[in-house]
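Each chain, written out:
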Amino acid sequence: ALQVVDALATGGAERMAIMLANDLADVTERSALCATRVLGPLASSVSPAVRTTCLERRGRIGFRSIGPLRSLISNERINVVQAHGSSVYFTALALVGRRRPALIWHDHNSRLGERSARLARLGSMFADRVFVVSEDVRQWHLAAGTPPHKVEVFPNFVTIGEPASPADDLPGAAGERVVVVGNLRPEKNHVGTVRAIARVASIRPTVHLLCAGSTANDEVVRGVLGTASELGVADRVSLLGVRTDVAE
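All of the points below concern the structure found in this document. (Residues numbered from 1 in each chain as written. Predicted model: local features only at pLDDT ≥ 70, side-chain atom pairs only at ≥ 80, totals over all residues. Heavy atoms only, no water.)

To continue, consider the overall build of the chain. Along the backbone of the chain there are seven helices and 10 strands. Viewed in the frame of its principal axes, the chain has a C-alpha envelope of about 60 × 40 × 30 Å. The proportion of buried residues among the 248 residues of the chain is 40%. For the chain, restricting intrachain contacts to residue pairs at least 6 apart in sequence, the fraction spanning at least 24 positions comes to 63%. Element-wise, carbon and sulfur atoms account for 52% of the exposed surface of the chain, whose accessible area totals about 13,400 Å². Taken as two groups, the 29 positive and 24 negative side-chain charges of the chain have centres that lie 9 Å from each other. (Helix = DSSP H or I, 4+ residues; strand = E, 2+ residues; numbered from the N terminus. Buried < 20%, exposed > 50% of the residue type's maximum accessible area, 1.4 Å probe, protein only. Contact = heavy atoms within 4.5 Å. Areas by Shrake-Rupley, 256 points an atom, 1.4 Å probe, with all protein chains shown as cover. Lys, Arg positive; Asp, Glu negative; His and termini not counted. Charge placed at Lys NZ, Arg CZ, Asp CG, Glu CD.)

What follows is the structure, encoded as structure tokens:
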């Protein structure tokens, strides 16, 4: 089995690709992971048992990287390819004109208002199965023209390892922390979480919200901090930024 993703940056799709590759290494003859463009901070989370490759794809399509991906699939005798996000289009090009393995498109994009139905139909034409992360995304795919027999909800999950001791630099008291893991983007609705924490704080004033994830979206960050201040819980909300020690 081969997981294909554009990069190993800190994000949900990238982490899911790594978790699947790591878990499959224990139950399949070979598990491989391919970053088509660059590696990233999550590369260190990949198990040594997973064959990891970076194609260093350049440009919008990256024609020069198609051959190396075809060779990887052939040399590793891959019979299932799981392409995450927009990497499905590049992966499909590498599979054209050959007896190809099964192709799963793992669609993580829940920003439905920004998406192209035509591109979704194109991706579903290439794929043997389309995994989506929620029922909302499944319904959008059906409306976009993805055949119903192809699309299936595959909820995000986490792999629970050994119990971890809390990191030393965490705000709040032990037993009073609520942790949200996810990059601060509009579709994650961190503002809604802050509103919920304000209600909790009215009966449990020692509660503390920790948000672990990228704070690159200035508009969302302003919304989160502004809402926390407006509701009187600014001292109960901490933005931790990107963390590689999520378990801790």
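Text resumes after the structure shown.
This brings us to the pairing of strand β4 (residues 80–84). Counting buried positions along β4 gives four out of five residues, so the element sits mostly inside the fold. Strand direction decides the pairing type here: strand β1 (residues 2–7) and β4, joined by three bridges, are parallel. Pairing of Leu2 across the sheet is with Val81, part of β4. Here β4 runs beside strand β5 (residues 102–107); their pairing, made up of five bridges, is parallel. For Val80, the partnering residue across the bridge sits in β5 and is Ala102. (Pairing = 2+ DSSP bridges.)

With respect to the secondary-structure elements, Thr36 resides in strand β2 (residues 32–38). Thr36 sits in the buried class, given a relative accessible area of 0%. For Thr36 and Val5, which are 31 residues apart along the polypeptide, the C-alpha to C-alpha distance reads 6.3 Å.

The side chains of a regular strand alternate, residue by residue, between the two faces of the sheet. With five of its five residues buried, strand β9 (residues 208–212) lies for the most part within the structure. Of the two faces of β9, the one holding His208, Leu210 and Ala212 and the one holding Leu209 and Cys211 are both buried throughout. Judged from the five bridges that link them, strand β8 (residues 177–181) and β9 form a sheet pairing that is parallel. Note that in β9 the partner of Val180 across the bridge is Cys211. In this region the chain leaves β8, passes through helix α6 (residues 190–201) and returns to the parallel neighbour β9; the handedness of that crossover is right-handed. As paired strands, β9 and strand β10 (residues 237–241) are joined by four bridges and run parallel to one another. (Right-handed = clockwise from strand over helix to strand, strands pointing away.)

Looking at the secondary structure, you find Arg129 in strand β6 (residues 129–132). As for Arg129 and Ala102, which are separated by 27 residues in sequence, their C-alpha atoms are 8.5 Å apart. Setting aside its immediate chain neighbours within four residues, Arg129 contacts Leu103, Ile104, Trp105, His149, Lys150, Val151 and Glu152.

Ordered in space as β8-β9-β10, the three strands form an open sheet in which the pairing is parallel. The open sheet is flanked by β8 and β10, the only strands paired with a single partner. Within the sheet, the average angular offset between the axes of one strand and its neighbour, ignoring direction, is 20 degrees. (Axes fitted to C-alpha atoms, helices over the stretch in contact; angles between N-to-C directions.)

Turning to the pattern of salt bridges, a few remarks are in order. Across all of its chains, the model carries 14 salt bridges by this definition. With a shortest N-O distance of 3.6 Å, Arg111 and Glu114 are connected by a salt bridge. A relative accessible area of 66% means that Glu114 is categorised as exposed. Between Asp245 and Arg243 there is a salt bridge, with its nearest N and O atoms 2.9 Å apart. Overlapping salt bridges bring together Glu29, Arg30, Arg51, Glu76 and Arg77 as one network. (Salt bridge = Lys/Arg side-chain N within 4 Å of Asp/Glu carboxyl O.)

It is worth spelling out the state of the cysteines at this point. Per the stated rule, a full pass over the model turns up zero disulfides. Of the cysteine sulfurs around Cys54, a residue in no disulfide, the closest is that of Cys34, at 7.4 Å. (Disulfide = S-S within 2.5 Å.)

To continue, consider the sheet that holds β6. With parallel pairing, the seven strands of this open sheet are ordered in space as β3-β2-β1-β4-β5-β6-β7. Each edge of the sheet is formed by a strand with only one pairing partner; in this case those strands are β3 (51–54) and β7 (151–153). Between one strand axis and the next, the sheet turns by 20 degrees as a mean value, whatever way the strands run. Note that β2 and β3 share four bridges and pair parallel. Bridge assignment links Leu33 to a residue of β3, and that residue is Thr52. The strands touched by helix α2 (residues 66–75) within the sheet are β1, β2, β3 and β4, with β1 carrying the most contacts at an inclination of about 155 degrees.

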